[in-house]
Amino acid sequence: MSNTPATEAPRRRTFAIISHPDAGKTTLTEHLLLAGGSIRAAGQVRARGENRRTRSDWMKIEKERGISVSSSVMTFEHDGLMFNLLDTPGHEDFSEDTYRTLTAADAAIMVLDAAKGIEPQTLKLFEVCRLRDIPIITFINKMDREAEDALALLDEVASKLQLDPSPLYWPAGSGNRFRGMIEIKTGLFYPYTRRDSGAEYDQGHEDPVPIDDALAKGYLDAGELGELKDAAELIEGGFPAFEEESFLEGHMTPVIFGSALRHYGVNQLLAAIGGFAPSPKTVKAAKAGVDTVVDPTEKEVTGFIFKVQANMDPNHRDRIAMLKLCSGKFERGMKLKVQNTGKQLSVNAPIMFFASDRELAEDAFGGDVIGIPNHGVLRVGDSLSESGLVRFAGLPNFAPEILQRVRVKDPLKAKHLKKALESLAEEGVTQLFRPSIGSDFIVGAVGQLQFEVMADRLGNEYGLDCVFEPSPFSEARWLGGTPEKIEDFAGKYRSQMGADIDEAPVFLGKSAWEINYVAERFPDVSFQRTKERG
């Protein structure tokens, strides 16, 4: 039987992992790859030296700090399904990158730290999932440490997120008293085996046993057994049973407990993604200006760029655009057209990702993510298709919260700086504004850490020693309105006008108050906080 979009798209599961920094997201990513059979040993984020080079964190600053800064994509096959895992940065300074990655995901895993519950950043990312109706599976991590009461954690999910939690499993204790968990539906007990943190996980944990055998096998004592049975009965009566439809509509979340670092609960999570997460969905688009929906089983190859990653390989100045395929059967060497520029690309070396390892992709289908090496031809938000007529709704740029001036210490390298800043802006790392008057560049970012990453990358990848200085402006807004009205406004505020990387007019304000004041005086001009890319 030949591989066709109709047979292959339903096998795809494309999902992202969202969490607050330090909830254990990168560790979970590692262990999902381990459970999926893709790697032999998970690199521990906390371990020393070479060991802590986890597979999905490759940028120098990520390795030094043990945090994820850029979203990685990892593809692996397991149990007859093809999984595309999008690892997103948890740090709030990178919310824009995360937002764009979530546009490419069909489902999300929300990782909660069992001791902390729902933290502010989790809430922010959850709102994005809600905007896009992305179904969510909840993984309550770090049960091998002292945790909050499990019922209290579920109440928090219900009250803060307005989601119906449906526990598929229930834990027996936490921290040193953590013994494992019972599967609510089958009554099977999954024992937790305590091991040293450095141990290899080739053995995994003991096989599940019927709950009454847990006492005989010494996994639980009589008191623990009674407690767990009572809890399981209470859960079955007090929480709704899992309903797939309610989950897919974004009203219900199945809940699994575990410890990513100890590889416990990870196999059950992978099974839940395979069993419940949706295959690629239809996507809204416009074809030759007419609104339509693109079905993943359609013949025409279509997709959109949700991320551009530069210099993944420091030996080569490479730029890789991440393309989320929405339909069709993509084959190596195929020609695709960029909708907004009409440029045609021959995709001769498409890449499938396995963190920083990569392989040439011979073919790919709706739901897959492939990397297209290119030199500045593709940008975030571009729509690609065989006909060049399909346009997917653009990905947003958000108004930056911090603006800084940047200049290079060696004035002879000013030209290099311009190129490097444009390159980083195209990736969506930061935003670049060129004031109408003066030669300094102004870069905008959502958070301070983005500037540190930027300085680090300008030094490491471009050999530029740069200085960031406070900018006279604190707010940036894109201008909307008729060209005459914008021109009239720009004439009166020439010293505060600038342009972004697409030459779109931008007003640089000294304060939020000033922007409100100016907006009242010029009602025919709109001051926008977001701008659609592509």
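On a predicted model such as this, the values are computed, not experimentally measured, just so you know.

Participant: Looking at this structure, how should I read the packing of aromatic side chains?
Facilitator: Aromatic ring pairs: the centre-centre distance and the angle between the two ring planes describe each pair. Enumeration over the complete set of coordinates arrives at 21 aromatic pairs. Here the aromatic rings of F189 and Y219 are separated by 6.4 Å at their centres, their planes lie at 35 degrees, and the arrangement is tilted. Note that F189 is positioned in strand β9 (residues 188-191) and Y219 in the loop between α7 (213-216) and α8 (222-238), a separation of 30 residues in sequence. Comparing F189 with Y219 shows no difference in burial state: the two are buried. Where Y493 meets F522, the ring centres are 6.0 Å apart and the plane angle is 75 degrees; that geometry is what we call edge-to-face. Taken as a pair, Y493 in the loop between α13 (483-492) and β31 (497-499) and F522 in the loop between α14 (512-521) and β33 (526-528) lie far apart in primary sequence, 29 residues in all.

Participant: Looking at this structure, I do not really get the environment of A231. What am I missing?
Facilitator: As for its position among the elements, A231 is in helix α8. Taking the relative accessible area as the measure of exposure, A231 reaches 18% and is therefore buried.

Participant: Would you take a moment to explain the environment of K409 for this structure?
Facilitator: Mapping K409 onto the fold places it in the loop between β26 (402-408) and α11 (414-427). Distance in space between the C-alpha atoms of K409 and V467 is 6.9 Å, their sequence separation being 58 residues. Those residues within four positions of K409 in sequence are excluded, and the remaining contacts are D465 and V467.

Participant: Where do I start with unusual backbone geometry in this structure?
Facilitator: One can expect most non-glycine residues to show negative phi and most peptide bonds to be in trans. The residue K142 is not glycine, and still its phi comes out positive at about 65 degrees. Along the chain, K142 turns up in the loop between β5 (136-141) and α6 (150-161).

Participant: Any chance you could explain the sheet that holds strand β7 (residues 169-172) here in plain terms?
Facilitator: Sheets are built from strands paired through backbone hydrogen bonds, the pairs being either parallel or antiparallel. Strands sit in the order β7-β8-β9-β10 across an open sheet of four strands; the sheet is antiparallel. At either margin of the open sheet sits one strand with a lone partner, and together these are β7 and β10 (209-210). Judged from the three bridges that link them, strand β8 (residues 180-183) and β9 form a sheet pairing that is antiparallel. Paired with M181 across the strands is Y190, a residue of β9. Sheet contacts for α8: β7, β8 and β9; angle to β7, the most-contacted strand, approximately 150 degrees.

Participant: It is not clear to me how a negative patch on the surface should be interpreted in this structure. Could you clarify?
Facilitator: Taken together, D164, E243, E245 and E249 make up a surface patch of like negative charges. Since its relative accessible area comes to 47%, E243 is described here as partly exposed.

Participant: Explain the packing of helix α2 (residues 25-35) against helix α10 (residues 266-276) to me, please; I cannot follow it from the model alone.
Facilitator: Geometrically, a packed helix pair is captured by the angle between its two axes and the distance between the axes. It is the contact of α2 with α10, at a shortest axis distance of 9 Å, that shows an interaxial angle of 80 degrees. Relative to α10, the element α2 lies roughly perpendicular. For the pair formed by α2 and α10, the contact residues are L28, H31, L32 and A35 on the first element and V266, N267, L269, L270 and I273 on the second. Grouping the amino acids of the contact of α2 with α10 by side-chain chemistry returns seven nonpolar, two polar and no charged.

The rules behind the values
Residues numbered from 1 in each chain as written. Predicted model: local features only at pLDDT ≥ 70, side-chain atom pairs only at ≥ 80, totals over all residues. Heavy atoms only, no water. Phe/Tyr/Trp six-rings, centres within 6.5 Å; stacked < 30°, edge-to-face > 60°. Helix = DSSP H or I, 4+ residues; strand = E, 2+ residues; numbered from the N terminus. Buried < 20%, exposed > 50% of the residue type's maximum accessible area, 1.4 Å probe, protein only. Contact = heavy atoms within 4.5 Å. Pairing = 2+ DSSP bridges. Axes fitted to C-alpha atoms, helices over the stretch in contact; angles between N-to-C directions. Patch = residues over 30% accessible without salt bridge, like charges linked within 9 Å, V, L, I, M, F, W, Y side chains within 5 Å. Areas by Shrake-Rupley, 256 points an atom, 1.4 Å probe, with all protein chains shown as cover. Salt bridge = Lys/Arg side-chain N within 4 Å of Asp/Glu carboxyl O. Lys, Arg positive; Asp, Glu negative; His and termini not counted. Charge placed at Lys NZ, Arg CZ, Asp CG, Glu CD. Parallel < 35°, antiparallel > 145°, perpendicular 65-115°, else oblique. Nonpolar A, V, L, I, M, F, W, Y, C, P; charged D, E, K, R; others polar.

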